[in-house]
Amino acid sequence: MLHIHCPYCNETLPEAEFAHAGEAHVARPETPSEVSDEAWRDFLFIRENVRGLTYERWRHIHGCGRFFNAVRHTVTDRFLTTYKAGEPRPDLDKLQEADQ
Ligand SMILES: [Zn+2]
């Protein structure tokens, strides 16, 4: 079982406490009515789906209920860090160096 750190509760808990909420840092167009159908489709449905480190949103559904972001390796399921929503995304190269 995975253990995930909630940056708001400052606790590391079993994954059953959390829900995956998709890719993090997906920017909503500022004027949705002015974007093309293809750009709107890309915003709604097209994701990176990388093999390796990725930015994700998670929600602490059985705790504080808040959304936060995480950096997880999609092959090993290892979480390198979690951080509060609105905080800048951490540099992946620095995280990998610190993890080795
Ligand atoms: Zn929490």
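Preceding this paragraph is the structure being described.
Residues numbered from 1 in each chain as written. Predicted model: local features only at pLDDT ≥ 70, side-chain atom pairs only at ≥ 80, totals over all residues. Heavy atoms only, no water.

The subject of this paragraph is the coordination of the zinc ion. Only Cys 6 (SG), Cys 9 (SG), His 60 (ND1) and Cys 64 (SG) from the protein reach the zinc ion as donors, at distances of 2.1 to 2.3 Å. Taken together, the four donor atoms coordinating the zinc ion and their angles of 105 to 115° define a geometry best described as tetrahedral. Taken in sequence order, the residues that donate to the zinc ion follow the motif C-x2-C-x50-H-x3-C. Of the two residues, Cys 9 sits in the loop between strand 1 (3-6) and strand 2 (11-14) while Cys 64 sits in the loop between strand 4 (53-59) and strand 5 (67-73), which places them 55 residues apart along the sequence. (Donors = N, O, S within 2.8 Å, 3.2 Å for Na, K, Ca; no water. Tetrahedral: all angles 85-135°; square planar, octahedral: opposite > 155°, others 65-115°. Helix = DSSP H or I, 4+ residues; strand = E, 2+ residues; numbered from the N terminus.)

The nonpolar side chains of a soluble globular protein tend to be buried, and buried together. With nine residues, the main nonpolar core is built from Leu 2, Ile 4, Cys 6, Leu 13, Phe 18, Trp 58, Phe 68, Ala 70 and Phe 79. Of all elements in the fold, only strand 1 and strand 5 reach the threshold of two or more residues within this core. Filtering out sequence-adjacent residues up to four positions away, Phe 18 remains in contact with Ile 4, Cys 6, Leu 13, Trp 58, Arg 59, His 60, Ile 61 and Phe 68. Counting residues in hydrophobic clusters, the runner-up holds six residues, among them Tyr 55, Val 71, Tyr 83 and Leu 95. (Core = buried A, V, L, I, M, F, W, Y, C linked by side-chain atoms within 4.5 Å. Buried < 20%, exposed > 50% of the residue type's maximum accessible area, 1.4 Å probe, protein only. Contact = heavy atoms within 4.5 Å.)

A positive phi angle, near 55°, is found at Asn 10, a position not held by glycine. If you trace the backbone, Asn 10 turns up in the loop between strand 1 and strand 2. The class of Asn 10 is exposed, set by a relative accessible area of 57%. Its identity as a non-glycine residue notwithstanding, Asp 77 has a phi of 65°, on the positive side.

This brings us to the sheet that holds strand 5. Taken in spatial order, the four strands make up an open sheet running 3-4-5-6, and their pairing is antiparallel. What marks the edges here is a single partner per strand, and that holds for strand 3 (19-23) and strand 6 (79-84). Going from strand to strand, the sheet's axes swing by 30° on average, the running direction of each strand aside. Across seven bridges, the pairing between strand 4 and strand 5 is antiparallel. Counted as the bridge partner of Trp 58 is Phe 68 from strand 5. Contacts from helix 2 (residues 92-99) reach strand 4, strand 5 and strand 6, with the element oriented near 130° to strand 6. (Pairing = 2+ DSSP bridges. Axes fitted to C-alpha atoms, helices over the stretch in contact; angles between N-to-C directions.)

Purely geometric stuff here, so don't read any function into it on its own.
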